Amino acid sequence: GQSTWARGMAAAAVLALSVAGVTTFGGGTAYATAIGERRVVVLSDNSRIELNTDSKVVVRYRRGVREVRLVRGEAVFEAASDARPFVVRANDAVLQADGVSELAVRLRGDGASVTVKKGAVALDPEPAEPKDELRLKAGVAAVYNSTGSRSRAISDGEIDRVLAWRQGAIALNGQSLEQAAAEFNRYNRRQVRIVDPSIANLRLAGYFQTTEPHSFVDAVTSAFPVKAAEDADGDIRLSRRG
């Protein structure tokens, strides 16, 4: 296995990267990632934010509250213990972590999906109406949008699949080819395009590196009657074979 020293150096390299994309405006500090990049940010109270591909947060730490707005993409927030509440804003949703918590948040359209790995989180989609608050415990996932919110218990295995990007991977477990291609396209400038609707609903399982769409395409073309062709711009077009 990798030595502790090597892992430490790798972590230090990621942290050194995080300084590069910092901008300060409006009393907050913004951290962002490019397509295919991941970044870890350690805040002044030892809370941590891990940003996925093409994501952005704005951090505002004030005397009474620690607030982070997810502006774009997806992130994991590890809230450290502190007298001030730790609040994540994602579109119109307000998430308040209780004490030491770990939650993953991904923007989806006008809403967001939330997965709680550790601790507990209050999801308040309409801050003016406290009665709408949802209490989310560890092992619970919720989706919020303009039509309301819903939550469900999920297994540790499913949480690991949702967070596979932290290891640079995409974990598929019955997703359609269309969903899988959309997921790969978040991480790569070279896009996978389905040009034949008849193959869009093929179901897939497997563990793939986020930045290796060719390995994914090879697996699809060997498992299914699908052929791949590369465009002049490098995009990969998938259609039915035969």
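Above: the structure in question.
Residues numbered from 1 in each chain as written. Predicted model: local features only at pLDDT ≥ 70, side-chain atom pairs only at ≥ 80, totals over all residues. Heavy atoms only, no water.

A. How the structure looks around the side chain of Ser47. Locating Ser47 in the fold gives a position in the loop between β3 (39–42) and β4 (48–51). A relative accessible area of 0% places Ser47 in the buried class. A polar atom in the side chain of Ser47 sits 3.4 Å from the side chain of Arg66. Here Ala80 takes part through its backbone nitrogen, which lies 2.9 Å from a polar atom of the side chain of Ser47. Sequence-distant contacts of Ser47, defined by excluding residues within four places in its chain, comprise Val41, Val42, Tyr61, Arg66, Glu78, Ala79, Ala80 and Phe86. (Helix = DSSP H or I, 4+ residues; strand = E, 2+ residues; numbered from the N terminus. Buried < 20%, exposed > 50% of the residue type's maximum accessible area, 1.4 Å probe, protein only. Polar contact = N/O pair within 3.5 Å; in protein donor to acceptor, adjacent residues only side chain to side chain. Contact = heavy atoms within 4.5 Å.)

B. The sheet that holds strand β17 (residues 226–230), seen in detail. The strand order across the open sheet formed by three strands is β15-β18-β17, and the pairing between neighbours is mixed. Where the open sheet ends on each side, the last strands, each with one partner, are β15 (192–194) and β17. Neighbour to neighbour, the strand axes of the sheet diverge by 30° on average, direction disregarded. Pairing analysis gives five bridges linking β17 to strand β18 (residues 236–240), with the strands arranged antiparallel. Paired with Ala228 across the two strands is Leu238, which belongs to β18. Of the strands in this sheet, β15, β17 and β18 touch helix α4 (residues 213–223), which is tilted by about 145° from β17. (Pairing = 2+ DSSP bridges. Axes fitted to C-alpha atoms, helices over the stretch in contact; angles between N-to-C directions.)

C. Structural detail: the side chain of Asn52. Note that Asn52 resides in the loop between β4 and β5 (56–61). For Asn52, a relative accessible area of 0% corresponds to the buried category. Excluding its chain neighbours within four sequence positions, the residues that come into contact with Asn52 are Thr33, Glu37, Arg38, Glu74, Trp165, Arg186 and Tyr187.

D. Broad picture of helix α3 (residues 177–185). If you check which residues of α3 are buried, you get Leu177, Ala180, Ala181, Glu183, Phe184 and Asn185. On its buried face, α3 sits against β9 (93–108), β14 (169–176), β15, β16 (203–209), α4 and β18.

E. Quick look at the pairing of strand β12 (residues 140–145). Note: strand β10 (residues 111–124) against β12, five bridges, orientation antiparallel. Bridge pairing in β12 links Thr115 to Ala141. In textbook terms, the turn of a hairpin is the stretch between consecutive antiparallel strands, and for β12 and strand β13 (residues 148–153) this stretch comprises two residues.

F. Molecular detail of α4. Among the residues making up α4, those that are buried are Pro213, Phe216, Val217, Val220 and Thr221. Across the axial projection of α4, the buried residues extend over an arc of 130°, all falling on one side. Of the residues in α4, the exposed ones pointing more than 90 degrees away from the buried face are Ser222 and Ala223. In this structure, the buried residues of α4 make contact with β14, α3, β15, β16, β17 and β18. (Arc of directions from axis to C-beta.)

G. Layout of the packing of aromatic side chains. Applying the stated criterion across every chain yields a total of three aromatic pairs. Considering the side-chain rings of Phe184 and Phe208, the 6.2 Å spacing of their centres and the 65° angle between planes classify their relative orientation as edge-to-face. In this pair, Phe184 is assigned in helix α3 and Phe208 in strand β16, connecting sequence segments 24 residues apart. Both residues of the pair, Phe184 and Phe208, count as buried. The class of Phe208 is buried, set by a relative accessible area of 14%. Linked through ring pairs, Phe184, Phe208 and Phe216 together constitute an aromatic cluster. (Phe/Tyr/Trp six-rings, centres within 6.5 Å; stacked < 30°, edge-to-face > 60°.)

H. Just the pattern of salt bridges, in detail. According to the stated counting rule, one finds 17 salt bridges in the structure shown. Across the pair Glu37 and Arg39 runs a salt bridge, and its minimum N-O distance is 2.7 Å. Accessibility expressed as a relative area gives 18% for Glu37, which makes it buried. You can call Arg39 buried: its relative accessible area is 5%. The partner of Asp235 in a salt bridge is Arg193, with the nearest N and O atoms 3.0 Å apart. Taken together, the residues span a long stretch of sequence, with Asp235 in the loop between β17 and β18 and Arg193 in strand β15 at a distance of 42 residues. Classification of Asp235 as buried rests on a relative accessible area of 5%. Taken together, the salt bridges that share partners define one network made up of Arg48, Glu50, Glu78, Glu102 and Arg166. (Salt bridge = Lys/Arg side-chain N within 4 Å of Asp/Glu carboxyl O.)

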